[in-house]
Amino acid sequence: MNASPPTRAAAPPIHPASRPAAPVELYVYYRVHADQLKAALAAFEQARQAQPVRLLQRHDNDPVFQTWMEIYGPELPDAADAERRIAAALGAFAQGPRHREAFAAVAGPGAVH
């Protein structure tokens, strides 16, 4: 009698919650009054302590406010601590709330499959 070759069951699909977690990137945005830009930038640089936190400015033509965005990438050893320190330093300059959003890569560099 010929035995059939053993069959392999198909691997069950990986549920997204069971995948290894991709590094989280934190994005924080808020508005700064034009009269306070220089002082706010100095406060940011001092609080950043030369850590790899990026600061971007929205590309628009608002003459009164600039929207700034801080980016805390996955290479930062303690993003939560850095963000707390910078938030404390810039609290007096932020016009309105600081909006915090966290993202993880699903494709491209840094994505975990």
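Above this text sits the structure in question.
Small disclaimer: the values here were computed from a predicted structure and weren't measured.

A.B. asks: Would you mind going over the overall build of the protein chain with me for this structure?
C.D. replies: When helices and strands are counted, the protein chain shows 2 helices and 4 strands. Along the protein chain, from the amino end to the carboxyl end, the secondary structure elements read β-α-β-β-α-β. A fraction of 74% describes how many contacts in the protein chain between residues 6 or more apart in sequence connect residues 24 or more apart. Carbon and sulfur atoms provide 57% of the accessible area of the protein chain, an area that totals close to 8100 Å².

A.B. asks: What is the right way to look at the nonpolar core in this model?
C.D. replies: By size, the foremost hydrophobic cluster in this structure holds 18 residues, and its most contacted members are Y30, Y72, I86 and L90. Among the secondary structure elements, those contributing two or more residues to this core are β1 (24-33), α1 (37-48), β3 (65-72) and α2 (79-90). Ranked by residues supplied to this core, first place goes to α1 with 5 residues. Leave out the neighbours within four places in its chain, and L90 touches Y30, A40, A43, F44, E70 and R98.

A.B. asks: How do you make sense of the environment of A79 when you look at a structure like this?
C.D. replies: Its location among the elements puts A79 in helix α2. As for A79 and V24, which are separated by 55 residues in sequence, their C-alpha atoms are 9.5 Å apart.

A.B. asks: It is not clear to me how the environment of E25 should be interpreted in this structure. Could you clarify?
C.D. replies: Within the secondary structure layout, E25 lies in strand β1. Given the relative accessible area of 23%, E25 is considered partly exposed. Sequence separation between E25 and Y72 is 47 residues; the distance between their C-alpha atoms is 5.7 Å. Among the polar contacts listed, one links the side chain of E25 to the side chain of Y27, at a separation of 2.8 Å.

Definitions and cut-offs
Residues numbered from 1 in each chain as written. Predicted model: local features only at pLDDT ≥ 70, side-chain atom pairs only at ≥ 80, totals over all residues. Heavy atoms only, no water. Helix = DSSP H or I, 4+ residues; strand = E, 2+ residues; numbered from the N terminus. Contact = heavy atoms within 4.5 Å. Areas by Shrake-Rupley, 256 points an atom, 1.4 Å probe, with all protein chains shown as cover. Core = buried A, V, L, I, M, F, W, Y, C linked by side-chain atoms within 4.5 Å. Buried < 20%, exposed > 50% of the residue type's maximum accessible area, 1.4 Å probe, protein only. Polar contact = N/O pair within 3.5 Å; in protein donor to acceptor, adjacent residues only side chain to side chain.

Spatial relationships are all this shows, so hold off on functional conclusions.
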